[in-house]
Amino acid sequence: MQIAPFSFKVPAVMLDIAFLRQNADAVRAAIKNKRVDLDLDALLSVDKERREALLEIEKKRARKNEIAQLIPKATKEERPTLIEEGKAVKVALEQLEPTMAETQKRFEDLMLRVPSLPRPEVPIGAGEEDNVEIRKVGTPPAFDFKAKDHVELMTLHGMVNWDGPRKYAGGRSYALMGTGALLELAVTRLAVDTLVERGLTMVIPPVMVKERAMTGTGFFPLGREEAYAITADELFLVGTSEVPLVSLHCDDTLDAASLPIRYAGISNCFRREAGAYGKDTKGLYRVHQFTKVEQVVFCMPDEEVAEKEHYQLLGNAEAILAKLEIPYRVAIACTGEIGLGQTRKHEVESWMPGRNDGKGAYNETHSCSTLGDFQSRRSNIRVRLPDGTLAYPYTLNNTAIASPRILIPLLENHQNADGSITLPKALVPYMNGVTVLKPKVV
RNA sequence: GGAGAGCUGACCGAGUGGCCGAAGGUGCCUGAUUCGAAAUCAGGUGUAGUGAAAGCUACCAAGGGUUCGAAUCCCUUGCUCUCCGCCA
């Protein structure tokens, strides 16, 4: 009787171990700059141990196979001797193999923690303050009245039931009501239409996935605390549709001609926000469940191609913000702020007048990343190149819209003195022609 | 949830203990033939680890067991299909 392992066998690993051996210094720098908790030398020594053990086992196995082939041809007299030796080899292997398995496991655990190498243009830094602003687009509105934050506005409009859900669903829960719910549908549909028009294929993927999808996309093992687990079925709720979208091609060998593949996924996203207790508890900035339209691209493993795709994804998100008439800025994230697998990340921060004690602030609403072959290696996604060889395609992703967070700048920037909201023109058709949202008369 | 059938290489499909990393076919590649193509003929054609190389090792859904030796026998799990039940 054996319990199914709650982990999957890693078919491929992050950076090629051969690359690690030959470029230890570059990897060490990435570990340091990305502030990853990993001892590369420990990994290299486990690797050495593993290869030595492997060599010994393979020698024994070779002999085992040799004996097995000799026995049928052997004479009656030779046979008992060979069988004896076969037994001895078998016993020796039975001793070596568990040790090998243990070493291999240690090796794989460490390999899953190896970061990808940041691109040269990524600024080296520790925290948010080291991100480098690239441009500001649009002008924050100057209100000649006391502006309300989104909590006040949404309450005024009856867009949210704040208290009910907290009683039966816990902290950071909410229910979008009336125009609040309609707005979420409107902005997500606007985002979807924008992306489809730009050639992305719409996907509605599963939001409950197996562990391998989480590991394959790089969210596990380090982000395990952040995911909701459905233990009875060994499934996890995804924090972004990036997980099922990338996993859509796990174990596939893609045809080079099929690239780039560009997906637009929509899903509910679930995050425990385990490291954020007490942070942003007021309002809808940080919640456990939200809706997100996400862009995911698979492209040829070529830095130039990837860069082009990256800026296209960024452009798509900016186009959506332009339609919503929300001022924003774009920053490139420093090494300390980009994830394990990301080689480059841009953050798009929307202007939220109610943040920073009503003085306003730019806060993240989009995150645009290139991951190189980090995810395709882990997910065993390959591409057959024209010359017949196999390679790992690059993956990229970017938010298109995440609600209700996006409702914060949307409502706050477009508010009027009387608490009404003038909807951006592009949104009007999605709200069935309504141009101004009036506060609910109580 | 109950009962049954199945899972072999890019695909189809053979294979009930050693001669099987795996017949045969299809597809694909190369060459011959052709003005060119089709047809035909010949050869080649999985992935990964390790090694300078020759080679060696692993992989027939996954994991475990039996055996000197497992694609082949046994157990467990997963997935697919069929029937029954339940159901938006």
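Up top is the structure.
For every chain, the first residue of the written sequence is number 1, and numbering continues from 1 along that sequence. Labels are handed out in written order, letters beginning with A for the chains and numbers beginning with 1 for the ligands. Whole-chain, interface and lining totals are the exception, using all residues; otherwise, since this is a predicted model, local features are given only for residues with pLDDT of at least 70 and side-chain atom pairs are given and counted only at 80 or more. In computing side-chain properties, one takes all heavy atoms of the structure into account and sets aside hydrogens as well as water.

Draft legend 1. How the structure looks around the sheet that holds strand β8 (residues 253-255). Pairs of strands are assigned from DSSP output, requiring at least two bridges between the strands. By definition, any uninterrupted DSSP run of H or I lasting at least four residues is a helix, any uninterrupted run of E lasting at least two residues is a strand, and each is numbered from the N terminus. What the three strands build is an open sheet, ordered β8-β14-β15; its pairing is mixed. Only two strands of the sheet have a single neighbouring strand rather than two, namely β8 and β15 (390-391). Where strand β14 (residues 382-384) and β15 come together, two bridges link them in antiparallel fashion. Note that in β15 the partner of Arg-384 across the bridge is Leu-390.

Draft legend 2. How the structure looks around a nonpolar patch on the surface. Taken together, Val-196, Met-202 and Ile-204 make up a surface patch of nonpolar side chains, about 280 Å² in accessible area. Residue placement: Ile-204 occurs in the loop between β4 (201-203) and β5 (208-209). For patches, a residue must show more than 30% relative accessible area and have no salt bridge; joins then use 9 Å for like charges and 5 Å for nonpolar side chains, namely Val, Leu, Ile, Met, Phe, Trp and Tyr. The Shrake-Rupley method, run with a 1.4 Å probe sphere, supplies the accessible areas, and residue values consider only the shown protein chains as cover. Whenever Lys or Arg places a side-chain nitrogen within 4 Å of a carboxyl oxygen from Asp or Glu, that contact is recorded as a salt bridge.

Draft legend 3. Representation of the packing of aromatic side chains. Only Phe, Tyr and Trp rings are paired, with Trp represented by its six-membered ring, and only when their centres lie within 6.5 Å; those with planes under 30 degrees apart are stacked, over 60 edge-to-face, the remainder tilted. Summed over the entire model, instances satisfying the criterion amount to four aromatic pairs. Measuring from centroid to centroid gives 5.1 Å for Phe-143 and Phe-145, while their planes differ by 55°, and the two rings are tilted. Throughout this description, buried means an accessible area under 20% of the type-specific maximum (1.4 Å probe, protein chains only), exposed means over 50%, and partly exposed covers the range between. With a relative accessible area of 24%, Phe-143 lands in the partly exposed category. Taking 6.2 Å as the distance between ring centres and 85° as the angle between the ring planes, the aromatic pair formed by Tyr-263 and Phe-298 counts as edge-to-face. With Tyr-263 in strand β9 (residues 261-270) and Phe-298 in strand β10 (residues 289-299), the pair connects residues that are 35 residues apart, well separated along the chain. The same class applies to Tyr-263 as to Phe-298, namely buried. Only when the NZ atom of a Lys or the CZ atom of an Arg is both within 6 Å of the ring centre and within 35 degrees of the ring normal do we say a charge sits over the ring. The aromatic ring of Phe-107 is capped on one face by Arg-50, whose charged end is 4.1 Å from the ring centroid. The ring of Tyr-285 carries the charged tip of Arg-405 above its face, separated from the ring centre by 3.7 Å.

Draft legend 4. Structural detail: the state of the cysteines. Disulfides are defined as cysteine sulfur pairs within 2.5 Å. Tallied over the full model, the rule gives zero disulfides. Take Cys-334: it sits in no disulfide, and the sulfur closest to it among the cysteines is that of Cys-368, at 17 Å. Among the residues examined, Cys-334 registers a relative accessible area of 0% and is labelled buried. Take Cys-368: it sits in no disulfide, and the sulfur closest to it among the cysteines is that of Cys-299, at 12 Å.

Draft legend 5. Region of the structure containing the environment of Ile-17. Its place among the elements puts Ile-17 in helix α1 (residues 17-22). For Ile-17 and Phe-220, which are 203 residues apart along the polypeptide, the C-alpha to C-alpha distance reads 19 Å. Every residue in contact with Ile-17, bar those within four places of it in the chain, is listed here: Asp-47, Phe-107 and Met-111. Contacts are assigned to residue pairs that have any heavy atoms within 4.5 Å of one another.

Draft legend 6. How the structure looks around the sheet that holds β5. With respect to topology, three strands assemble into an open sheet ordered β5-β7-β6, the strand pairing being antiparallel. The outermost strands of the open sheet, each flanked by one partner alone, are β5 and β6 (229-230). In terms of strand pairing, β5 meets strand β7 (residues 235-237) through two bridges, oriented antiparallel. Across the sheet, Met-208 pairs through a bridge with Leu-237, a residue of β7.

Draft legend 7. Structural context of the nonpolar core. Counting residues in each nonpolar core, the largest one holds 51 residues, and the members touching the most others are Met-154, Leu-183, Leu-324, Leu-407 and Leu-427. Looking at this core, the element that brings in the most residues is helix α7 (residues 179-197), giving seven residues. In this structure, Leu-183 is in contact with Met-159, Leu-407, Leu-410, Leu-411, Leu-423, Leu-427, Met-431 and Leu-437, ignoring residues within four places of it in sequence. The definition of a nonpolar core used throughout is a set of buried Ala, Val, Leu, Ile, Met, Phe, Trp, Tyr and Cys residues joined through side-chain atoms within 4.5 Å. Grouped together as the second largest cluster of nonpolar side chains are 18 residues, Val-27, Leu-38, Leu-40 and Leu-44 included.

Draft legend 8. Looking closely at the pattern of salt bridges. With the rule as written, the count across this model stands at 29 salt bridges. Linking Glu-294 and Lys-292 is a salt bridge whose minimum nitrogen-to-oxygen distance equals 2.7 Å. Comparing Glu-294 with Lys-292 shows no difference in burial state: the two are buried. Linked by salt bridges that have partners in common, Arg-21, Asp-47, Arg-50 and Arg-51 make up one network.

Draft legend 9. Representation of the packing of helix α2 (residues 24-33) against helix α3 (residues 40-73) in the model. One can describe the packing of α2 onto α3 by two numbers: an axis separation of 10 Å at closest approach and a directional angle of 135°. On the basis of their axis angle, the class for α2 and α3 is oblique. On the side of α2, the interface is formed by Ala-24, Val-27, Arg-28 and Ile-31, while α3 contributes Leu-40, Asp-41 and Leu-44. Residue polarity follows a fixed list, in which Ala, Val, Leu, Ile, Met, Phe, Trp, Tyr, Cys and Pro are nonpolar, Asp, Glu, Lys and Arg are charged, and the others, Gly among them, are polar. Across the contact of α2 with α3, the residue classes tally to five nonpolar, no polar and two charged. The convention used is that axes are lines fitted to C-alpha atoms, helices contributing only their stretch in contact, and that angles between N-to-C directions extend from 0 to 180 degrees. For classification purposes, angles smaller than 35 degrees are called roughly parallel, those larger than 145 roughly antiparallel, those between 65 and 115 roughly perpendicular, and all remaining angles oblique.

Any link to function would need more than the numbers given here.
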